Amino acid sequence: MSLVVAAATSACGQEASRPETAGQGAAGERPVTFLAGQTLLTRDGAEIPLDRPAVGGLMGWLAPVGVPSPDNEDQLLYMSWRDLREVDAQLSYSDQGIANGDPLGRPSIRLLDKATGDDHLFADGAYSVAWGAPGIAYFAGSDPDYRANERYVGEILVAPTLDASGVSWTPNAPDSYVVMGWAGTTLIAYRVNRGEYLDVLAIDAPGQIRTLARLASVVAISPDGTRIAVHDTSDGGSKAKVINVPTGVEEAELDLAAEKGQMLQYLSYGGSWQGDYIASEAAPGIAVLKYTPGALEVSRVVPVPAAQAPMGVNEVTLLDGGGRVVAWAPLPGRGNSDRGGYLYINCTVGPGKCTRSPDFDSRTFFTVYNPSRPAKETP
Amino acid sequence: MTNNRARLLWPSRLTLTTLFMAVTVTVPAPPASASRDCGYLDFTRINNTNSDLKVKAYDTLGVCVTSTWRAGSGTTTDPCQKNYGWLPAGWYDLWGHWNDYNGSAIWGRVWYVQDKQCGDGTWRTELFVHSEETPNRTQDCTSNSDDPQCWDKTASCSSCNEGTNDYYSNGCIKVKRQSPEGSWDGHLDPLHDTWHNLVSSNHGSFSRGSSLHVHN
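Residues numbered from 1 in each chain as written. Chains lettered and ligands numbered in written order. Predicted model: local features only at pLDDT ≥ 70, side-chain atom pairs only at ≥ 80, totals over all residues. Heavy atoms only, no water.

### Some thoughts on the overall build of chain B
Next, step 1: From N to C terminus, chain B includes three helices and 10 strands.
Next, step 2: Expressed as a percentage of its 216 residues, the buried residues of chain B come to 55%.
Next, step 3: For chain B, the share of sequence-separated contacts (at least 6 apart) that also reach a separation of at least 24 residues comes to 55%. (Helix = DSSP H or I, 4+ residues; strand = E, 2+ residues; numbered from the N terminus. Buried < 20%, exposed > 50% of the residue type's maximum accessible area, 1.4 Å probe, protein only. Contact = heavy atoms within 4.5 Å.)

Printed below as a string of structure tokens:
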């Protein structure tokens, strides 16, 4: 793959990419699989209905809302949510008679078999999944219901197979966790603190919990599962870092407040890592970083005009060995409404040219992906 | 016999309908009552580092007066993006206020507000109004460009004023305070004083309805 290695200042001066429409290949093919509301949009153009809507709920898209099985992707674990009462988001709780402790909703994880269409409950009162060779890890609430003015706390369970019971990997440590992915046999997860600040945890076995990074979020796990790329704000600043998972040692750092990385301002979770390249949402649009042992640098910036994606892009996927990136963008609603639909963009990294999809008017939109590494080789 | 078994196996449509309704009833929202006209924090979303935070409060003459300060929220403008987006629009109850909060990333004078669901169903949680100071309301500033318990002089952009980078947050509303790193006016002191003098003198965990309004 040929990428233009550019200094930060000249990369900032690149002409903004002008998206063309379509974004889809032959016969409705899509670059990746998406979840749009209550429909699975597959790469080959199929639209598979779900029994329940895909909703991030208490985790948003801190971890993937739809996780395909690691072997052949025929099965999908996806997050859903059931409202236990109507909640008007424009009103305060007190203005609509919601008292402390009132049950407001219940998260769940569902299992879809794409071949048969069977869609059933996998875990109730649970959300976030890591699915890899060591098994299926997920977060289960101590109380299945989310209640007003109560933190949703629980434990991380790991089951060796879909049909087996889960064993707690956070015994005697109930907290607010989000499971992210497997890095080899180590589980990567978040602990959610006050202010939505996240700690990145490495859990090697039941009860063996290490903190890899404080006040940070995981961009991606390396292809061999030995490292994670993170966005770290632990010292009050903004840094991209690569951390060795088994040792916890920081192996590379790029200060996003300094000249070399300043224009990026931040990176976000839901990125991807292929070969030496790491892609993430950043302030100008999509950032592609290059990691070599001991060094992390900005390789390319794919600008996404604010007019096209006023709220930025999310869940950036590297394809074609790093030559293409795909991401989805929410569209603003009217007035104080948060959502007016979605689109996705499909960009070639080198020329920085993007095509965009037609708009989707679903309530939710997410990329289906499995961040656990190493990934199983597809035959 | 066959007919009786048939009735057991195949209930009437009316019975089915009744059963379906009994199983799927959810608690409806009661009619909404009016939120406050005065006596609350009001946050107007403009951009992540330069938005308006007001205290609307009755003065000693019973007139609702407004005091306005610059404030920030989030790192992106997507209110559904946990850990990055600015706060979702709407009214929030206040769940507590402390002068000496000692958290893992938030300290000192803070206001704790209710969780809020965004348009895609994502819940924003653990939300506060706060600044950057120590639990005992002082500053811990070093030569680093960004200290978590210091309102740093770092600018949010190359052409921006000093002391603006700290307006960025994970979503919380942030207010500037005086700091040894600059000679700017602090806003946290007057905000805090106005709140206590004119709105509420409560500290600790408590519930106060409709105390923050976030909007464009």
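### Focus: the interface of chain B and chain A
Next, step 1: In this assembly, 58 residues from chain B lie in contact with 60 residues from chain A.
Next, step 2: Interface area for chain B against chain A, summed over the two sides, is near 4,900 Å², with a carbon-plus-sulfur share of 46%.
Next, step 3: Here chain B and chain A share six salt bridges between them.
Next, step 4: Measuring nitrogen to oxygen at the nearest pair gives 2.9 Å for the salt bridge that ties Arg151(A) to Glu126(B).
Next, step 5: Inspection of the region where chain B meets chain A yields 35 residue pairs in polar contact (both at pLDDT 80 or more).
Next, step 6: Those elements giving two or more residues to the side of chain B that touches chain A turn out to be strand S4 (90-102), strand S6 (116-117), strand S7 (123-124), strand S8 (127-130) and strand S10 (204-215) of chain B. (Buried area = accessible area lost by both parts, 1.4 Å probe. Salt bridge = Lys/Arg side-chain N within 4 Å of Asp/Glu carboxyl O. Polar contact = N/O pair within 3.5 Å; in protein donor to acceptor, adjacent residues only side chain to side chain.)

### Here we look at the side chain of Glu196(A)
Next, step 1: When you line up the elements, Glu196(A) lands in the loop between strand S14 (186-192) and strand S15 (198-205).
Next, step 2: From its side chain, Glu196(A) meets the backbone nitrogen of Thr125(B) in a polar contact 3.1 Å long.
Next, step 3: Apart from the residues within four sequence positions on either side, Glu196(A) is in contact with Lys82(B), Asn83(B), Trp123(B), Arg124(B), Thr125(B), Glu126(B) and Asn170(B).

### Remarks on the pattern of salt bridges
Residues and elements named next belong to chain A.
Next, step 1: In total, this model carries 27 salt bridges over all chains according to the counting rule given.
Next, step 2: With a shortest N-O distance of 3.7 Å, Asp 199 and Arg 214 are connected by a salt bridge. Taken together, the positions of Asp 199 in strand S15 and Arg 214 in the loop between strand S16 (208-213) and strand S17 (216-221) put the pair 15 residues apart, joining distant regions of the chain.
Next, step 3: Residue Asp 199 is classed as buried on the basis of its relative accessible area of 5%.
Next, step 4: In this structure, Arg 227 and Glu 251 form a salt bridge, with 2.5 Å as the shortest nitrogen-oxygen distance. With Arg 227 in strand S18 (residues 227-232) and Glu 251 in strand S20 (residues 250-255), the pair connects residues that are 24 residues apart, well separated along the chain.
Next, step 5: Among the charged side chains, a salt-bridge network with shared partners connects Arg 106, Asp 124, Asp 143, Asp 145 and Arg 147.

### A look at the state of the cysteines
Residues and elements named next belong to chain B.
Next, step 1: In this structure the tally under the stated criterion is five disulfides over all chains.
Next, step 2: Each sulfur of the disulfide joining Cys 141 and Cys 150 lies 2.0 Å from the other. On the S-S bond that ties Cys 141 to Cys 150, the torsion sits near 95°, and the link is right-handed.
Next, step 3: For Cys 141, a relative accessible area of 25% corresponds to the partly exposed category.
Next, step 4: For Cys 150, a relative accessible area of 0% puts it in the buried group.
Next, step 5: In this model Cys 157 forms its disulfide with Cys 160; the gap between the sulfur atoms is 1.7 Å. In this structure, the disulfide formed by Cys 157 and Cys 160 twists by about 90° around the S-S bond and is classed as right-handed.
Next, step 6: The exposure class of Cys 157 is partly exposed, given its relative accessible area of 29%.
Next, step 7: Take the cysteines of chain B that form disulfides and number them in order along the sequence; they join up as 1-2, 3-4, 5-6, 7-8.
Next, step 8: Sulfur of Cys 172: no disulfide; nearest cysteine sulfur belongs to Cys 118 and is 15 Å away. (Disulfide = S-S within 2.5 Å.)

### Here's the deal with the sheet that holds strand S21 (residues 272-274) of chain A
Residues and elements named next belong to chain A.
Next, step 1: Strand order in the open sheet formed by four strands is S21-S22-S23-S24, with antiparallel pairing between adjacent strands. Both edges of this open sheet fall to S21 and strand S24 (295-303), since each of them pairs with a single strand only. If you compare each strand with its neighbour and ignore which way they point, the axes differ by 25° on average.
Next, step 2: As defined by bridge partners, strand S23 (residues 285-292) adjoins S24 across eight bridges and the pair is classed as antiparallel. Each residue of the ladder has a partner; that of Ala 287, found in S24, is Val 301. (Pairing = 2+ DSSP bridges. Axes fitted to C-alpha atoms, helices over the stretch in contact; angles between N-to-C directions.)

### Points about the pairing of S23(A)
All names here are of chain A.
Next, step 1: Taking burial as the measure, the eight residues of S23 include six buried ones, the bulk of the element.
Next, step 2: Across six bridges, the pairing between strand S22 (residues 277-282) and S23 is antiparallel. Bridge pairing links Tyr 277 to Lys 290 in S23.
Next, step 3: In sequence, S23 turns back onto S24 through a hairpin of two residues, with Gly 294 there showing a positive phi of about 85°.

### Remarks on the confidence of the model for chain A
Next, step 1: Looking at chain A as a whole, its pLDDT mean stands at 90, while 92% of the residues score no less than 70.
Next, step 2: Predicted confidence is poor over residues 1-26 of chain A, with pLDDT under 50, and the contacts of this stretch with residues over four places away or in other chains come to 56 contacts. (pLDDT = per-residue confidence, 0-100.)

### As for the packing of aromatic side chains
All names here are of chain A.
Next, step 1: For the structure on display, the rule yields 31 aromatic pairs over all chains.
Next, step 2: Aromatic side chains Phe 34 and Tyr 344 sit 4.6 Å apart centroid to centroid with 25° between the ring planes, which places their arrangement in the stacked category. Here Tyr 344 lies in strand S27 (residues 342-348) and Phe 34 lies in strand S1 (residues 34-36), a separation of 310 residues in the sequence.
Next, step 3: Look at Phe 34 and you get buried, because its relative accessible area is 0%. (Phe/Tyr/Trp six-rings, centres within 6.5 Å; stacked < 30°, edge-to-face > 60°.)

### What about the confidence of the model for chain B?
All names here are of chain B.
Next, step 1: For chain B, the mean per-residue pLDDT works out to 86, and 84% of the residues sit at or above 70.
Next, step 2: Between the elements of chain B, mean pLDDT differs from a low of 34, seen in helix H1 (residues 2-9), to a high of 98, seen in strand S1 (residues 40-44).
Next, step 3: Taken together, the stretch residues 1-25 has pLDDT below 50 and engages in one contact with residues farther than four places along the chain or on a different chain.
Next, step 4: Segment residues 29-33: pLDDT under 50, and nine contacts once partners within four positions in sequence are set aside and those in other chains are kept.
Next, step 5: Listed scores for the predicted complex are pTM 0.89 and ipTM 0.91.

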